[in-house]
Amino acid sequence: VLNTQKLPHLRRLNLGWCLNLSDPACVAIANGCPSLRYLYLLGNRQVSLDGLTALSRGTPLLCGLDICGLCLVEDRSMPAMKAL
């Protein structure tokens with residue numbers, strides 16, 4: 001699991017093509033990176049609606065999100081995405 005306890009001021013994070021990244025990491029990011037503005041999740045195949053929902057709730061300043069190639073994200077994920 002990603003340790004984000006010491007990253008409260010992190011503004012930009014590129015986790016593109018981190019193939020082992022999953023929903024628990026998204027929860028850790030949402031809980032530990034409240035200043036995050038840009039997040040790149042390009043090509044991550046284990047992140048689902050649960051991870052995106054956690055991000056939408058925990059990163060209020062997020063204004064850029066790259067989720068190209070997320071296989072587990074479907075049309076039903078759109079309400080969570082609108083919250084971002």
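These numbers come from a predicted model, not from an experiment.

A. Representation of the overall build of the chain in the model. Helices and strands together make up the secondary structure of the chain, namely three helices and three strands. Across the 84 residues in the chain, those meeting the buried criterion constitute 42%. For the chain, the share of sequence-separated contacts (at least 6 apart) that also reach a separation of at least 24 residues comes to 79%. As presented, the chain carries roughly 5,000 Å² of accessible surface, and 54% of it is formed by carbon and sulfur atoms.

B. Region of the structure containing the sheet that holds strand β3 (residues 64-66). Taking strand neighbours across the sheet as the criterion, the three strands line up as β1-β2-β3 in an open arrangement whose pairing is parallel. On the outer flanks of this sheet lie β1 (12-14) and β3, each paired with one strand and no other. Geometrically, the sheet is characterised by an average inter-axis angle of 0° between neighbouring strands, direction not taken into account.

C. Region of interest: the side chain of Asn 44. You can see Asn 44 is positioned in the loop between β2 (38-40) and α2 (49-58). At a separation of 3.1 Å, a polar atom in the side chain of Asn 44 contacts the main-chain carbonyl oxygen of Leu 15. Separated by 2.7 Å, the side chain of Asn 44 and the backbone oxygen of Leu 41 make a polar contact. Setting aside chain neighbours within four positions, we find Asn 44 in contact with Leu 15, Gly 16, Trp 17, Cys 18, Leu 19, Leu 21, Gly 69, Leu 70 and Cys 71.

D. Looking closely at the packing of helix α1 (residues 23-32) against α2. Where α1 contacts α2, the two axes come as close as 8 Å, and the packing angle between them is 0°. One element, α1, and the other, α2, form an angle in the roughly parallel class. Residues Asp 23, Cys 26, Val 27, Ile 29 and Ala 30 of α1 pack against Asp 50, Gly 51, Ala 54, Leu 55 and Gly 58 of α2. Class assignment for the residues of the contact of α1 with α2 results in six nonpolar, two polar and two charged.

E. Quick look at the side chain of Asp 23. When you line up the elements, Asp 23 lands in helix α1. For Asp 23, a relative accessible area of 16% gives the class buried. If near-sequence neighbours (up to four positions away) are discounted, Asp 23 is found in contact with Gln 46, Val 47, Ser 48, Asp 50 and Gly 51.

Thresholds, definitions, all that
Residues numbered from 1 in each chain as written. Predicted model: local features only at pLDDT ≥ 70, side-chain atom pairs only at ≥ 80, totals over all residues. Heavy atoms only, no water. Helix = DSSP H or I, 4+ residues; strand = E, 2+ residues; numbered from the N terminus. Buried < 20%, exposed > 50% of the residue type's maximum accessible area, 1.4 Å probe, protein only. Contact = heavy atoms within 4.5 Å. Areas by Shrake-Rupley, 256 points an atom, 1.4 Å probe, with all protein chains shown as cover. Pairing = 2+ DSSP bridges. Axes fitted to C-alpha atoms, helices over the stretch in contact; angles between N-to-C directions. Polar contact = N/O pair within 3.5 Å; in protein donor to acceptor, adjacent residues only side chain to side chain. Parallel < 35°, antiparallel > 145°, perpendicular 65-115°, else oblique. Nonpolar A, V, L, I, M, F, W, Y, C, P; charged D, E, K, R; others polar.

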